[in-house]
Amino acid sequence: MTVVKKYYIKLGITVFAGALFLGCESNFKEIQKINFSEFVPSSDADMVNLKYTDSGRITSILISSKMLDYSNVSFPFTEFPKGIDVTLFDKKGKKTFIKSNYAISYKGTAVIDLQGKVRISTENGQLLETEQLYFDQRNEWFFTERRFKLTDPKGVSNGQGIDFSKDFKVINSQKITGELETAE
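Residues numbered from 1 in each chain as written. Predicted model: local features only at pLDDT ≥ 70, side-chain atom pairs only at ≥ 80, totals over all residues. Heavy atoms only, no water.

Draft legend 1. Focus on the nonpolar core. Counting 22 residues, the largest nonpolar core has L114, L128, L133, F142 and F164 as its most contacted members. Of all the elements in the fold, those that place two or more residues in this core are β2 (57-70), β4 (84-89), β7 (111-122), β8 (127-136), β9 (141-152) and β10 (155-165). With 4 residues, β7 is the largest single contributor of residues to this core. What L114 contacts, discounting residues up to four positions off in sequence, is I84, I98, S100, Y102, A103, E131, Q132, L133 and F142. (Core = buried A, V, L, I, M, F, W, Y, C linked by side-chain atoms within 4.5 Å. Buried < 20%, exposed > 50% of the residue type's maximum accessible area, 1.4 Å probe, protein only. Helix = DSSP H or I, 4+ residues; strand = E, 2+ residues; numbered from the N terminus. Contact = heavy atoms within 4.5 Å.)

Draft legend 2. Examining the pairing of β2 more closely. The buried fraction of β2 is high, at 10 of 14 residues. With 11 bridges connecting them, strand β1 (residues 43-54) and β2 associate as antiparallel partners. Bridging across to β2, T53 finds its partner in I58. With 4 bridges connecting them, β2 and β4 associate as antiparallel partners. Residue pairing in the sheet places I63 in a bridge with D85 of β4. Judged from the 3 bridges that link them, β2 and strand β3 (residues 77-80) form a sheet pairing that is antiparallel. Paired with L68 across the two strands is E79, which belongs to β3. (Pairing = 2+ DSSP bridges.)

Right, here's the structure in full:
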């Protein structure tokens, strides 16, 4: 009888441990699902044509074939994986044109990261080309540490590192080479 009791006790412990183990695994998988969050956009759009206004005046027009909005994450941003085509208008109606193969706009900092064959041109014939450029929307200021080519009616210059106002009136460049006509 003691052998049978030992057998039933061992069998009971084994069944209890097995049930406990299976029950914990099921709960563990549920806990993993709770902590898992998918990184998906809260919205996406195809063929976007956005017009930004200030006091009834159009300040910019953004055109893109794809927009992904990640406003549901802790550091919200909007991504344009197929590039953008932007027209900026100053208060006098002069235009600045921006194109890039990819862009991402960070809502918290109001900085736009433009990447891939970035081209900025003005109605005055100025053209800046680079592979990456940042635009600070609050200060209306562009900047990069990458190589660039600046074509102007006065000449062409190349360099690495540049920052400038959106109307090209103030330009600070670093490591520059080329020929430019100056007023001096």
